[in-house]
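Listed here are the chains, written in short residue letters.
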Amino acid sequence: MPPEQRDFHLFETEFGAHVLLVNGSRVFTIPFEIARALEGYPDDSDALLSRLGLSTPEYVTGEPPTAIPIRSLSLAIAQKCNLGCTYCYAQEGGFGSKEKDMSPEAARAAVELLFYEAAAGDRVQLTFLGGEPLTNRKLLRDCTEEAAALAEASGVRVGFSITTNGTLLTPEDGEFFERHGFAVTISLDGVGQVHDRLRPFKGGRGSYDRVLANARPLLAMQRRMQVSARVTVTPDNLFLRETLDEFLSFGFHSVGFSPMLSSPTEAGEMSSADLAAMLDQMISCGEEFERRVVRGERYAFLNMSNALAEIHKGTHRPYPCGAGAGYFGVSAEGGLYACHRFVEDPVGAMGDVRSGVDRASQARWLAGRHVHLQEPCRDCWARYMCGGGCHHEVIKRGRPACNYIRGWLHYCLQAYIRILERRPDYLPQCLIRLPL
Amino acid sequence: MSKRIEAKNLSAQLQYRAAGNPPSTEPHTAISNAFPGLEMDFRNVWKRILVGIELHESSNFVVAADDDAPPKVKQLALHYRLMRVEDISVMVPVTGPLYVGGPNVSLPDTTFHDPLWPLEWSNALAKIVHEFSGKKVNCTFESLPEDPKKKTVNVSLTVRPFFDEADVEGERVRRAVIAKDVAEPGALSQSLCSPWQNDYRECACFYWAATRPDYVNVEARPDGTSGGNNWMQKERTPQTPPVYNVDDWMDPNLLNYSDLFRDWEKALRFIIGGKDEEPPPEAQ
């Protein structure tokens, strides 16, 4: 890779020299002479970009957003779990305190809060998490039906999603999720024993066979519903390509990978060497994705399709996600937190579903978490694509994965150009498929 | 290998300025609205998008046909409007409330007084321009609502290529420039706003957010209400009571079109910090 610059990132493909201009995440193909000039101009690149007609006012200012309406809530409807995964941020479901279910009263207040600020035509998202949300199935269904009725009455569009360990899934759940168009994400950390070692039942028995047996009927019935697999990558399951191909062969709608960067017990956390190995695996999956796209085949490697869609749009944002902005996690007792990972954590406390968002805490959060204030992010070319990394992981552990993130984005930028040149029809389609 | 700078992703394309275009063509430097517009009237690029006819810029009405057009096309001029291109309706029924809180009713179009409204072409015809550039499309025209025997004409017309093509360093490329055949010289600057004489009066109610003050000399009152003047109020002095006259060009207290056409530069006052500017010393 060429030397790191703050305001642009040069890269090459067989189709020539290219530059990502950080301001606005704009991607250009440029003559080699210009790439060489930019390499030699690190202190005065502004003047050169201006001369080339490529300068434009700052897309992202240091000003944090204000008065953001709530658009997405995730409900920890059960702060308990039947699995005993060692790395879990929820510490086996209870978030470090006694196991509990959300009360129907708190759940109703959360659903009402979600719809309170939404007008006809707006889109809101209701997510069920835990713990294991299916340990509180009745409340999950009641909340969904209440939200669907509110949506029907108000003209607000609602999307539903659930992340589950899959051990309690039934075909009836599948029918319910299909009826309401759920995005169902099943946590699966590898094939067979690899998964069993990372995601055992609390008694120590493996959960893989049960999860797959439960998932199969849902995979067969997905029409409106989308059933995806999410793999948390630890040093013990760095077999991404095999995992991806195996899960896609089962009929999962997509498969995504996420490195374990911070766990309450430090178990399963990835080292720099592990992240370098993961990057090689991710690129190997990406190269297969490129081959399949060129052949016109679907290959639902979620990290890749998301990255390409974001690069194509030119996404530029001062935060990694909507946590504490339009998105909140709701604890079993009805507390609002910056996201599902901060449940019960005073660092991310932001009010209560009954009294609404604590706007002062939110303003402090958004001002403090802005990527312009993060180190070393403020001088990194990837800052508006990465947004500074998951708030929870950064606050708990720091930023061990910067080289991994930049390496992945560098590869994705190259793949973007190759796909644009070889299959120009792929990207507009991909953009249409993005969630609103 | 490229010898040119090519904008690849969407944010790069949005910011891109085609060779020869002035700085005011970039989104962040353009002033206010795009149509009728101060720099150009973008609607005019669609008037000649179908070979053989010219459409009115806002109503789908066929205003002219080419001299060498076949008789079936020629008959359209001044009698028909375009209803459909391939599977895309370009005239659609529109419903909504006529007043705040009112029931949803069919909203009559102000040109032809029927409940069909023309769609904005940049969106409505995007698919046609993308898929049928230089090719024939099936078009449906209908006689105007006033025609007691409603007649329909189906005719196949060619879509003019929207983007200019040129040879750049030995390579044939499509450029981010509107093709000459779509917009003849002068077409883009036809039908522009003349804001001082006309459009500031025409488009009131906070339409011109940046350049036309609506409510001036505003004072907050202790009870939470406010007082002030309409920018169009005639002959204001600091002693004029802060009472807002609701905009109405027939109101003798407000500037009318004639006042503005004759004397806009004296009649309209600069507003500085929300208040009428101080009169120049000689006027005092």
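Read on for a plain summary of the structure. (Residues numbered from 1 in each chain as written. Chains lettered and ligands numbered in written order. Predicted model: local features only at pLDDT ≥ 70, side-chain atom pairs only at ≥ 80, totals over all residues. Heavy atoms only, no water.)

It is worth spelling out the overall build of chain A at this point. Within chain A one finds 15 helices and 14 strands. Its C-alpha radius of gyration of 22 Å places chain A within 12% of the 22 Å reference for a compact globule of 436 residues. Across the 436 residues of chain A, 56% fall into the buried class. Long-range pairs, those at least 24 residues apart, make up 70% of the contacts in chain A between residues at least 6 apart in sequence. (Helix = DSSP H or I, 4+ residues; strand = E, 2+ residues; numbered from the N terminus. Rg over C-alpha atoms; globule rule 2.2 N^0.38 Å. Buried < 20%, exposed > 50% of the residue type's maximum accessible area, 1.4 Å probe, protein only. Contact = heavy atoms within 4.5 Å.)

This part takes up the pairing of strand β2 (residues 16-21) of chain A. Residues and elements named next belong to chain A. Of all six residues in β2, six are buried; the element is thus mostly enclosed. Relative to β2, strand β1 (residues 8-13) is paired through six bridges, and the arrangement is antiparallel. What sits directly across from Leu 10, in β2, is Val 19. The loop that links β1 with its antiparallel partner β2 comprises two residues. Two successive antiparallel strands, β2 and strand β3 (residues 26-30), enclose a turn made up of four residues, where Gly 24 displays a positive phi of approximately 90°. (Pairing = 2+ DSSP bridges.)

A surface patch of negative charge is lined by Asp 43, Asp 44, Asp 46 and Glu 58 of chain A. Following the sequence through the fold, Asp 43 of chain A ends up in the loop between α1 (32-39) and α2 (45-51). (Patch = residues over 30% accessible without salt bridge, like charges linked within 9 Å, V, L, I, M, F, W, Y side chains within 5 Å. Areas by Shrake-Rupley, 256 points an atom, 1.4 Å probe, with all protein chains shown as cover. Salt bridge = Lys/Arg side-chain N within 4 Å of Asp/Glu carboxyl O. Lys, Arg positive; Asp, Glu negative; His and termini not counted. Charge placed at Lys NZ, Arg CZ, Asp CG, Glu CD.)

The next subject is the interface of chain A and chain B. If you look at the interface, chain A gives 29 residues, while chain B gives 14 residues. Ranking the residues of chain A by area buried against chain B places Phe 28, Thr 29 and Pro 31 of chain A at the top, with a combined share of 27%. Here chain A and chain B share one salt bridge between them. Taking the shortest distance from any N to any O, the salt bridge between Lys 8 of chain B and Glu 421 of chain A comes out at 3.0 Å. (Buried area = accessible area lost by both parts, 1.4 Å probe.)

Quick look at the pattern of salt bridges now. Applying the stated rule across the entire model yields 44 salt bridges over all chains. Across the pair Arg 354 of chain A and Glu 105 of chain A runs a salt bridge whose closest N-O atoms are separated by 2.9 Å. Linking Arg 354 of chain A in the loop between β13 (349-352) and β14 (356-357) with Glu 105 of chain A in helix α3 (residues 104-116), this pair joins segments that are 249 residues apart in sequence. Close ionic contact of Lys 151 of chain B with Asp 147 of chain B constitutes a salt bridge, the shortest N to O distance being 3.0 Å. When its relative accessible area of 40% is taken as the criterion, Lys 151 of chain B is described as partly exposed. By relative accessible area, which is 19% here, Asp 147 of chain B ends up buried. Residues joined by salt bridges that share partners form a network here, namely Arg 241, Asp 245, Glu 288, Arg 291, Arg 292, Arg 295 and Glu 297 of chain A.

Turning our eyes to something else, we now look at the nonpolar core. Formed by 119 residues in total, the largest nonpolar core has its most connected members in Leu 75, Phe 128, Phe 177, Phe 252, Phe 257 and Phe 301 of chain A. Once residues lying within four places of it in the same chain are set aside, the contact partners of Phe 301 of chain A are Leu 244, Val 255, Phe 257, Met 282, Cys 285, Gly 286, Phe 289 and Trp 408 of chain A. Of all hydrophobic cores here, the second largest spans 31 residues; its members include Phe 132, Val 155, Val 159 and Phe 162 of chain B. (Core = buried A, V, L, I, M, F, W, Y, C linked by side-chain atoms within 4.5 Å.)

Further remarks concern helix α14 (residues 402-422) of chain A. Given a rise of 1.5 Å per residue, 21 residues ought to cover 30 Å, and the 30 Å separating the end C-alpha atoms of α14 of chain A matches this to within 8%. In terms of residue burial, α14 of chain A counts as a mostly covered element, since 16 of its 21 residues are buried. (Expected span 1.5 Å × (residues − 1).)

As a further point, take the sheet that holds β1 of chain A. Across the sheet, which stays open at both edges, the four strands sit in the order β1(A)-β2(A)-β3(A)-β1(B) with antiparallel pairing between neighbours. Of all strands in the sheet, those bounded by a partner on one side alone are β1 of chain A together with β1 (6-7) of chain B. Bridge count between β2 of chain A and β3 of chain A: five bridges; the pairing is antiparallel. Directly across from Ala 17 of chain A, in β3 of chain A, lies its bridge partner Ile 30 of chain A.

Before going further, it helps to spend a moment on the environment of Arg 378 of chain A. Residues and elements named next belong to chain A. With respect to the secondary-structure elements, Arg 378 resides in the loop between α11 (359-369) and α12 (383-386). Judged by relative accessible area, Arg 378 falls into the partly exposed class, the value being 36%. Considering only alpha carbons, one finds Arg 378 and Pro 318, 60 residues apart in sequence, at a separation of 10.0 Å.

For the rest of this paragraph, the subject is the pairing of β3 of chain A. Among the five residues that make up β3 of chain A, five are buried, leaving the element largely enclosed by the rest of the structure. Covered by surrounding structure in β3 of chain A are Arg 26, Phe 28 and Ile 30 of chain A together with Val 27 and Thr 29 of chain A, the residues of both alternating faces.

Looking now at the sheet that holds strand β10 (residues 136-143) of chain B. All names here are of chain B. Within the open sheet, the four strands sit side by side as β5-β4-β10-β11. Their pairing is antiparallel. Each having just a single partner strand, β5 (88-89) and β11 (152-158) make up the two edges of the open sheet. Bridge analysis of β10 against β11 gives seven bridges, and the strand direction is antiparallel. Opposite Cys 139, over in β11, you have Val 155 as the bridge partner.

Within the secondary structure, Pro 217 of chain A is located in helix α7 (residues 208-221). Sequence separation of Pro 217 of chain A and Ala 277 of chain A is 60 residues, and the distance between their C-alpha atoms is 34 Å.

Turning our eyes to something else, we now look at α7 of chain A. Residues and elements named next belong to chain A. Compared with an ideal rise of 1.5 Å per residue, which puts 14 residues at 20 Å, α7 spans 20 Å between its outermost C-alpha atoms and is within 8% of the ideal. At Ala 215, α7 is deflected by roughly 30°, the largest bend along its length, and proline Pro 217 occurs up to four residues later in sequence. Listing the buried residues of α7 in full gives Tyr 208, Val 211, Leu 212, Asn 214, Ala 215, Leu 218 and Leu 219. On its buried side, α7 packs onto α5 (171-179), β8 (183-187), α6 (193-198), β9 (226-233) and α8 (240-250). (Bend = angle between axes of the 7 residues up to and from the residue.)

On to the packing of aromatic side chains, then. How two aromatic rings sit relative to each other is set out by the distance from centre to centre and by the angle between their planes. Residues and elements named next belong to chain A. The final tally for this structure, using the stated rule, is 22 aromatic pairs over all chains. Centroid distance Phe 176 to Phe 177: 6.2 Å. Interplanar angle 65°. Geometry classified as edge-to-face. Of the residues examined, Phe 176 reaches a relative accessible area of 1% and is grouped as buried. The ring of Phe 201 carries Arg 205 above its face, with NZ or CZ at 4.6 Å from the centroid. Over the ring of Tyr 384 we find Arg 383; its NZ or CZ atom is 4.8 Å from the centre of that ring. (Phe/Tyr/Trp six-rings, centres within 6.5 Å; stacked < 30°, edge-to-face > 60°. Lys NZ or Arg CZ within 6 Å of the ring centre and 35° of its normal.)

Another point: unusual backbone geometry. Residue Gly 130 of chain A is joined to Gly 131 of chain A through a cis peptide bond whose omega torsion reads 5°. Tracing the backbone shows Gly 131 of chain A in the loop between β6 (123-130) and α4 (137-154). Note that the residue after Glu 375 of chain A, namely Pro 376 of chain A, is joined by a cis bond; omega there is 0°. Inspection of the secondary structure assignment puts Pro 376 of chain A in the loop between α11 and α12. In this structure, His 113 of chain B is a non-glycine residue whose phi angle is positive, near 55°. Relative to the helices and strands, His 113 of chain B is located in the loop between β8 (104-106) and β9 (116-118). We classify His 113 of chain B as exposed; its relative accessible area is 62%.

It is worth spelling out the environment of Met 385 of chain A at this point. Residues and elements named next belong to chain A. Structurally, Met 385 is set in helix α12. Separated by 91 residues in the primary sequence, Met 385 and Val 294 place their C-alpha atoms 25 Å from one another. Excluding anything up to four places from it in sequence, Met 385 contacts Leu 20, Ser 25, Ile 311, Thr 315, Arg 317, Leu 409 and Leu 413.

Our next topic: the side chain of Ser 207 of chain A. Residues and elements named next belong to chain A. The residue Ser 207 is located in the loop between α6 and α7 in this model. The exposure class of Ser 207 is buried, given its relative accessible area of 0%. Look past the residues within four positions of Ser 207 in its chain and what remains in contact with it is Leu 83, Thr 167, His 195, Asp 196, Arg 199 and Phe 201.

Geometric values such as these leave the question of function open.
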